[in-house]
Amino acid sequence: MKSYQKLTTAVPQPGACRVEEEGAAPTPTGRGKLAPWWVGSGLLVAAVLLSTITVWVLRQVSGGWPGPALPPKCLLVPESHRFDCYPERRVVVTQELCESRGCCFIESPPPAGGKRGVPWCFYPPDFPSYTLESLNQTALGMAGLLVRREKTYYPRDIEILRLDVEFETDTRLHIKIRDAANPRYEVPLEVPQAMKRAENPIYSLDFSWDPFGVLLRRRATGTVLLNTTVAPLIFTDQFLQIATSLPSRFLYGLGEHRGTLLHSLDWNTLTLWARDVSPTESFNLYGAHPFYLLMEEGGDAHGVFLLNSNAMEVALQPAPGLTWRTIGGVLDFYIFLGPDPNMVIQQYQQVIGFPAMPPLWALGFHLCRWGYGSSNETWQTVRAMRNYQIPQDAQWNDIDYMDGYRDFTFDPQKFASLPSLVEDLHKHGQRYVMILDPGISSTNPHGSYWPFDEGLRRGLFLNTTQGQPLIGQVWPGFTAFADFSNPDTHQWWLENLQRFHAHVPFDGLWIDMNEPSNFMDGSEHGCPPGELDSPPYTPAVLGDSLSAKTVCASAKQKASVHYNLHNLYGLMEARATASALIQIRGKRPFVISRSTFPSQGRYSGHWLGDNRSQWKDMYYSIPGLLSFSLFGIPLVGADICGFSGSTSEELCTRWMQLGAFYPFARNHNTQNEKAQDPTVFSPAARTAMKNVLLTRYSLLPFLYTLFHHAHLQGDTVARPLFFEFPQDVATLGLDRQFLWGRSLLVTPVLEPGVDSVTGYVPRGVWYDFYTGSSVNSSGEMLKMLAPLEHLNLHVREGAILPTQKPGTTSEATRRNPLHLIVALSSSGTAWGDLFWDDGESLDTFERGSYSYLVFNVTQNIFTSTVLHTSTEATEVTIGTLSIFGVREPPSKVLLNGQEKPFSYLDNQVLTVSDLGLSLNQGFSLRWL
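Residues numbered from 1 in each chain as written. Predicted model: local features only at pLDDT ≥ 70, side-chain atom pairs only at ≥ 80, totals over all residues. Heavy atoms only, no water.

Visitor: Which residues make up the packing of aromatic side chains, and what are the values?
Guide: On inspection of all chains with the given rule, the structure shows 48 aromatic pairs. Ring geometry for Y704 against F835: centres 6.1 Å apart, planes inclined by 35 degrees, an arrangement best described as tilted. In this pair, Y704 sits in helix 14 (residues 700-713) while F835 sits in strand 41 (residues 830-836), placing the two residues 131 residues apart along the sequence. A cation over a ring is seen here: R101 above Y86, with NZ or CZ 3.6 Å from the ring centre. The ring of W607 has R666 lying over it, and the distance from NZ or CZ to the ring centre is 5.3 Å. (Phe/Tyr/Trp six-rings, centres within 6.5 Å; stacked < 30°, edge-to-face > 60°. Helix = DSSP H or I, 4+ residues; strand = E, 2+ residues; numbered from the N terminus. Lys NZ or Arg CZ within 6 Å of the ring centre and 35° of its normal.)

The structure is reproduced here in structure tokens:
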């Protein structure tokens, strides 16, 4: 168990600068240069001395370095506070190169393992930046002008910038920096417009005038959340950079990457540029999410979102500090003040949009593989699942269903029975989902493939700089790429899907390869010379080029050049796909996308990509799904049992147990590997898998209600422990366990050959989900028995979970009686709720076609209160009530005043069965 020490963060304070309090009249007078921000801090002086001695020692060891003595201003900067002035990769930074940029050069020993360490080339305290020339009050905040008088080392400095500050709400601040004279590309994302200035913000904002900087504080604690005076602001045409100190080292988010949930600040650079690559540590992966959540000392939290879709990197350093670098657009920041982590994520989603409510069947178990080979073989798998009565809601197919891997076709020989398979699924209350790629085959004889012919005729593909369709290569061979930034493409996409749906009535869509992925770099002809494909600065992207395994950045799209839109490609395709599904089926859409961007949750879920059948991949899926919870995409999961490589029975059993608690649960496998669906394993493993799926299905009412709260107000579904226990520093790094909502703790086994698992149990009373036996924790690591057939689940005191007798589909389950599980707090209280509707109609909450119940226990009385009801609730009954933590054996139980039989066990569990109460009727139950 890592022990986490509370960190005291020495936040650099500006020296002799003119500071404007928010609301003060902006009248700059006698502004002086900002004194070095660390002067006067005793703590940092010690670090400076240490740093200087280190440099002196290194010089002695190396026999002295040639060249002039270092300026004292360079020696004053402690190593951890050195902000990189030469971040270019694949360059050996020499003193000459560094000093040509006007920066300090001090060599330091490189870290082990080829990682980046302390930058040798860093900014001196007096490096030229922008000056805040004017600042005026506006209706919503302030507007100012920033002026740069000395050029930087990148081409085309934008010398006059406009600063706009809007106090949008008491917990949300909006700061935007852009070219004062000329419009630049901005992300076409609908964001809320504030109507009036926040009246009682829980933050205060100050400015440094020369050099320009922002200082943001939390009023209640005085904690400095942002201080951008730590390094110069740079804003050129194709290189934008702003840095800040951080108030702690507990930083999360900034996707999509594989790694621990809590980021390392040890000189760690995270690149955001959508890329098709198997999840690997330190690579930029499929999606881009420029948002971070930071836990402050004492349990407060804030979040920062940079609304920018260009290629970007975020450099973290141990100061603690952070640098944003992007190569286009504007600097458009939203800061969310929480003050707790749940509230930060809600506030973030108030800007990007709340996630869509999924259909109930989306929360069932999904089964897929690449390489079924035929519709009959797919069908055999479905029948085997039914034969063993293993729950399954949806059967999927990968690209092998297609004819020549072409979208909107199916193989007339191998998949001839596909329409019949789909009809059979529907008869059994199951659904069908198929894959689609955005690359459209371009080599068919004219007139033989409508999707390409029609897309070409309407001009709906990405074009080269010469105005011809850009041709790359994906599964069908040479392909053109649909331009989803063009509204006309959405109509063409719909028409293609309608034509296919007439033959194969699919229920949901899986959109893959939408980074977009390309087996070539750029196109069949490469990419043209120029500053879009070869910009002055390229962030640390895999492959060292913006066009590596994707299309040319110079490709033309309707809304802008691909250079600006690349990271939005998956989002735009998801939007078109969700819209098409609504028009075709008239029900809630189900879309799972590989590439994602902020606001994606409004249109799709996400799976974590092409993982491997390895134990470490199973572990990494937990920080993956928790990160996407932060990003407002709650419908997320990893390929259960692993996609590539061969799984083992033990790994697959443990992974099915964990995967049964992914919000989106799908077992998926690659071609040419042995099958890994539950039916192919030994009876013991198969039974363990079946049982954990039945546990998931029993919890569908609880899970569905969590998704309702996500849709309504941006609550997370799968949740890190620190969200519920933000003041418990032991939870800040936990990513081998997680919660569903606030009350169900999942502790999976993540290593082979064990029959126990050690997990953290936060302070309080927790109950074993299966038996109701209690454990009273002081906030400690506990060893739990975990034989191969067992997944540890614990219910938090004070919770009421609505569960249901499980069936083999969500449709069958929802007709069964409900079983309410009450976990009494140490003071004998509990609370829970249930959202219930028909499971698939559009906008049921918005239209009032739903039931909502609240459950409550105080003083030995359980109350069910119906706050809203609809016809669906009349079809369901409440069958059983189990109450955990009843300390004294009751003498009698009264239901609405009438005596009822009950059972009471030694582990303090009271059960009342055969209630037979309609869901739409309130009731009370009392035990004496």
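Visitor: Describe the sheet that holds strand 30 (residues 665-667), listing the residues and the values that go with them.
Guide: One open sheet holds the 9 strands; their spatial order is 28-27-26-25-21-20-19-30-29, and the pairing between them is parallel. Every other strand in the sheet has two partners, leaving strand 28 (636-637) and strand 29 (639-640) as the edge strands with one partner each. Pairing analysis gives 4 bridges linking strand 21 (residues 431-436) to strand 25 (residues 508-511), with the strands arranged parallel. Among the inter-strand pairings, L436 is bridged to a residue of strand 25, identified as I511. Seen against the sheet, helix 5 (residues 375-387) touches strand 19 (365-367) and strand 20 (394-397) and runs at an angle of roughly 160 degrees to strand 20. (Pairing = 2+ DSSP bridges. Contact = heavy atoms within 4.5 Å. Axes fitted to C-alpha atoms, helices over the stretch in contact; angles between N-to-C directions.)

Visitor: How would you summarise the state of the cysteines if you had to cite specific residues and measurements?
Guide: Counted under the stated rule, the structure contains 5 disulfides. Between the sulfur atoms of C74 and its disulfide mate C104 the distance is 2.0 Å. Residues C74 and C104 are joined by a disulfide whose S-S torsion is about -75 degrees; by sign, that bridge is left-handed. A residue pair is termed long-range when its members are at least 10 positions apart, and C74 in helix 2 (residues 72-75) and C104 in strand 1 (residues 104-105) qualify at 30 residues. Since its relative accessible area comes to 1%, C104 is described here as buried. Paired by a disulfide, C527 and C552 hold their sulfur atoms 2.1 Å apart. Since a negative S-S torsion denotes a left-handed disulfide, the C527-C552 link at about -95 degrees is left-handed. Pair noted here: C527 is in the loop between strand 25 and helix 9 (562-565) and C552 is in the loop between strand 25 and helix 9, with a separation of 25 residues, a long-range link. Residue classification places C527 among the partly exposed positions, given a relative accessible area of 26%. Described in terms of the sequence order of its bonded cysteines, the disulfide pattern of the protein chain is 1-5, 2-4, 3-6, 7-8, 9-10. With no disulfide of its own, C368 lies closest to C641 among cysteine sulfurs, the gap being 13 Å. Owing to a relative accessible area of 2%, C368 belongs among the buried residues under this scheme. (Disulfide = S-S within 2.5 Å. Buried < 20%, exposed > 50% of the residue type's maximum accessible area, 1.4 Å probe, protein only.)

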